[in-house]
Amino acid sequence: MTVQAVNVATLKRVKNNVIGNPSAKSMLAQDELFVATLVKCLNAPEQFEEAAGSQDDIRVEAAQVIASLSYGSPEALRSLLHANAHQAFLYAIARFGPSESPATKAAFARGLRALAVACAELVGPSQWGLKDDSSPVREDARLALEYLFQLEVLDVYLPLLTDASVQASVCISQLLGAALRAQPHRAAVAEWVPPVERGKEAPRGRRRWERPEATVPTNSGGGGWVARNLTALLRSRDLKVQEAALNALAALAKDNHDIAVHMARDAADRAGLEQPALTLALSLCKSRSTDVQLAASLCATHIIRATAANHHHPSPPDLSSSLVVMHVMNRMIESTTEKPQNRTKACFILNYLVMDEKDLCQTAFERGSLAKLATLVHSITPTPVPDSKTPSDWEEDEPESLCCLREAALTTIAVLALADNDIRRDVTDAQRLLPPLASALTHWHIGVRYAACQCVRALSRSVAAMRTSLVDSGLGTALFGVFAKDAEDRRVLHAALAAVCNLINEYSPLRAPFLEQASPSATKRAVMADVGWPALDARLDDADAGVREQALYLLRNFASCEDDVDAVFDALGAPRLLGALAAALAARDPDVVLQAAFMLANLANGHTQRQELILAHTPLLRALSTTLVDAPADARSAALGAVVQLAWGAAQLRAVGIEGTLRHLVEFGGSGPAGGVGGGVDSKVRDRARRALEAMERIPMEEM
């Protein structure tokens, strides 16, 4: 598309051509001169239109074209960012005077919102399901978002929240609701006050016995300037204003405890202030507008969950408020007349409300949420013919909205099923969801496959389901098909791997078939290529013991043969690998110690040159000796396996006292509760200790 001249008529024609037409947007984005000219129109319209009276018109039309180009075409967005369209909007907004027309204010606020939302959609995290995160424009979008939430930039557009132009304030609210996705950005907006108010009251430091919210300045009543003014917008009678303000408050409150407590505080605690945001949001859950109901439920959900998520004084989420949201979402999920997009949001909001809260999951189950979700899944998912293991054929032209709805429903089912065995049993038996899940694993939509894998992972936590339903239905085998699929999306692969880990434990009947089908070394290398050795390396010292244990577990399973042991040494380096193992063996968490002991036993089965590296690492041998004394029986048994393999280096083992420890284990049996040498040794540990001692005794003392 080539544009010969820039004027109001030209811009209107371009706007009509590109609206809803991604290919036209991509073509126009290739005309860098036109894009640069378009951006210049925002602040220098006199260069392109002789009639002075039309300068506002050309600025408005240029802003509308830029807003349209921002959506649907990453190439067009990149061209706009390279032309500094976001900075041009901010420069223009900063120069708004008292006489600026409402139409111009609204158009520029709308254009800035469009750019910010488009960037947030590429950067993520996604608000409503899995999205493509591989766009080459993602880094440009991330830098633009970082810029938009700097203090001096917030000073430019946040004052529009209280502008006389309702359209402008709505656009800024919508910007916050859609673009606030990172915690640092939320904090920056939550703490912002107009420049003229800064310095009036410096916040004092928090005393050790005070809750964090107790130190928020008094001029930030209601959660700060932004939250207070957004809450004021909730009292408008305009549905669009209410919806925009609710979404902005939801984005601000998400995972933000210090702000959420002010939004939730009872009127009695607020010294005569008007109703807090949570009270208003709960009342708006009953609005006649579906969009307002959804926005209000999302807002209430994030306030409820963030209020309870206090690391210093944890508390369960408020049940009465949660039930209001749950009732509205259940009604929307089961409504067959509701638009798929609205039902999708209802599923995700319910998911956000109950996630990782066992009591809320149980309450939702008792209120019929699972049954409603299951009915929804059955109604939109073709299933295989009875008694057939062949998955359903999917329509390649299935509407995106239907795919997203299926993803949302399955995601929420997975969250509910993680909470309790009774819920998992209801999924497999009463709701008969295994056939739809098997079908969903073969769907072309990434989000549907990902959600189905999460469901299988949740169900595989039930030993009964793993031994019966997952085997009989063929769902376990279908999951392995996802795991073994070439070029699978890494997020789907990660979810499938998490489920496979449950399905190959020693009690699972699927363990042998899975291991027989897999090509161990090739599969493991493919997994590590996806996970990344640096990422795994960083987890070996993670402060979270559960994460650290899983990292060691992964390494243990990777290093199952001599070649794989070599690969681990080569990837991490001997000093780093052996040092991390020494530290893990000395950890307080018994699961970390157990996995470290198994990992060392696997490494000790490597080639001779790798064994020599272990025997030369004195801190690791000392940690091994301590493990034989103090660790639980399973960890000592694994550590003894390493000693057996390293016995030819008896001199180094004797130097750290391991031989004496072995004699003690062999000679002094018992069944005391402590688990250490002084508390008793079980028969398996004693037998392994005897084998290790005999192996060491074959090496003469003279070789020390």
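Model, not experiment: these values are computed from the prediction. Just so you know, the residues in each chain are numbered from 1, in the order the chain's sequence is written. Per-residue local features of the predicted model are confined to residues with pLDDT of at least 70, and side-chain atom pairs are confined, for both listing and counting, to 80 or more; whole-chain, interface and lining totals are unaffected and use all residues. As a convention, hydrogens and water are excluded, and side-chain values are obtained from all of the structure's heavy atoms.

### Let's talk about the nonpolar core
In plain terms, the rule: We define the nonpolar core as a collection of buried residues of types Ala, Val, Leu, Ile, Met, Phe, Trp, Tyr and Cys that are connected through side-chain atoms lying within 4.5 Å of one another. Relative accessibility decides the category of a residue: with a 1.4 Å probe and only protein chains considered, values under 20% of the type maximum give buried, values over 50% give exposed, and everything between is partly exposed. Helix numbering and strand numbering both begin at the N terminus, where a helix is a DSSP run of H or I of at least 4 residues and a strand a DSSP run of E of at least 2. Contacts are assigned to residue pairs that have any heavy atoms within 4.5 Å of one another.
In terms of nonpolar packing, the biggest core is built from 165 residues, with Phe-149, Tyr-157, Leu-176, Val-226 and Val-354 touching the most fellow members. In terms of residues, this core owes the most to one element, helix α7 (residues 102-123), which gives 11 residues. Not counting residues within four places of it along the chain, the set of residues in contact with Leu-176 comprises Phe-149, Leu-158, Leu-161, Val-189, Val-226, Ala-248 and Ala-251. If you look at the next biggest cluster of nonpolar residues, it comprises 63 residues, including Leu-581, Val-593, Leu-624 and Leu-653.

### Some points on helix α32 (residues 545-558)
Counted only if it meets this: Here, expected helix span is obtained from the residue count minus one, scaled by 1.5 Å.
Helix length check: α32, at 14 residues, gives a terminal C-alpha distance of 20 Å against a target of 20 Å (1.5 Å per residue), a fit within 8%. Among the residues of α32, those classed as buried are Arg-548, Glu-549, Ala-551, Leu-552, Leu-555 and Phe-558.

### Focus: the packing of helix α37 (residues 618-630) against helix α38 (residues 633-646)
Threshold: Helix axes are fitted to C-alpha atoms over the stretch in contact, other axes to C-alpha atoms as well, and angles between N-to-C directions run from 0 to 180 degrees. Working definition: roughly parallel below 35 degrees, roughly antiparallel above 145 degrees, roughly perpendicular at 65 to 115 degrees, and oblique for all remaining angles. Crossing handedness follows the turn of the near helix against the far one: under a right angle anticlockwise gives a left-handed crossing, and clockwise gives a right-handed one.
Where α37 meets α38, the axes come as close as 8 Å, and the angle between the chain directions of the two elements is 140°. In terms of orientation, α37 lies oblique with respect to α38. Crossing geometry of α37 relative to α38 is assigned as left-handed. Contact residues: Leu-624, Thr-627 and Leu-628 in α37; Ala-635, Arg-636, Ala-639, Leu-640 and Val-643 in α38.

### Digging into the environment of Pro-534
You can see Pro-534 is positioned in helix α31 (residues 533-539). For Pro-534, a relative accessible area of 63% puts it in the exposed group. Each C-alpha atom, one on Pro-534 and one on Leu-572, is 8.2 Å from the other, the two residues being 38 residues apart in sequence.

### A word on the packing of aromatic side chains
This is how the line gets drawn: Classification of ring pairs rests on two measures: the distance between centres of Phe, Tyr or Trp rings, Trp counted by its six-membered ring, which must be within 6.5 Å, and the angle between planes, read as stacked under 30 degrees, edge-to-face over 60 and tilted in between. Comment: the charge-over-ring label is applied if NZ (Lys) or CZ (Arg) is within 6 Å of the ring centre and within 35 degrees of the ring normal.
This structure, assessed with the given rule, holds seven aromatic pairs. Geometrically, the ring pair formed by Trp-192 and Trp-225 is edge-to-face, given 5.1 Å between the ring centres and 75° between the ring planes. Taken together, the positions of Trp-192 in the loop between α11 (183-191) and α12 (225-233) and Trp-225 in helix α12 put the pair 33 residues apart, joining distant regions of the chain. Each of the two residues, Trp-192 as well as Trp-225, counts as buried. Taken together, the ring pairs connect Phe-89, Phe-96 and Phe-108 into an aromatic cluster. Just above the ring of Tyr-352 sits the side chain of Lys-254; from NZ or CZ to the centre is 5.5 Å. Against the face of Phe-598 rests Arg-556, its NZ or CZ located 3.9 Å from the ring centre.

### Concerning the pattern of salt bridges
Selection criterion: One speaks of a salt bridge when a side-chain nitrogen belonging to Lys or Arg is within 4 Å of a carboxyl oxygen belonging to Asp or Glu.
Applying the stated criterion across every chain, the model contains 20 salt bridges. For Asp-155, the salt bridge is made with Arg-198, and the minimal N-O distance between the two is 2.3 Å. Linking Asp-155 in helix α9 (residues 151-157) with Arg-198 in the loop between α11 and α12, this pair joins segments that are 43 residues apart in sequence. Classification of Asp-155 by relative accessible area gives partly exposed; the value is 21%. Put simply, Arg-449 and Glu-488 hold a salt bridge, and the shortest N to O gap is 2.6 Å. Of this pair, Arg-449 sits in helix α24 (residues 446-459) while Glu-488 is found in the loop between α27 (475-483) and α28 (490-503), placing the two residues 39 residues apart along the sequence. The same class applies to Arg-449 as to Glu-488, namely buried. Residues participating in the shared-partner salt-bridge network are Asp-133, Asp-489, Arg-490 and Arg-491.

### Here's the deal with the side chain of Thr-301
Considering the arrangement of structural elements, one finds Thr-301 in helix α16 (residues 290-308). For Thr-301, a relative accessible area of 0% corresponds to the buried category. Thr-301 has contacts with Val-325, Ile-349, Tyr-352 and Leu-353, leaving out every residue within four places of it along the chain.

### Quick look at the confidence of the model for the protein
Note that predicted coordinates carrying low pLDDT should not be read in detail. Let me state the cut-off plainly: One confidence number per residue, pLDDT, is output by the predictor and ranges from 0 to 100.
Scored by pLDDT, the protein comes out at a mean of 85, with 86% of its residues at no less than 70. Within the model, the stretch residues 208-220 combines pLDDT values under 50 with 26 contacts to residues more than four positions away or in other chains. Contacts from residues 387-391, a stretch scored under 50 in pLDDT, to residues over four places away or in other chains number six contacts.

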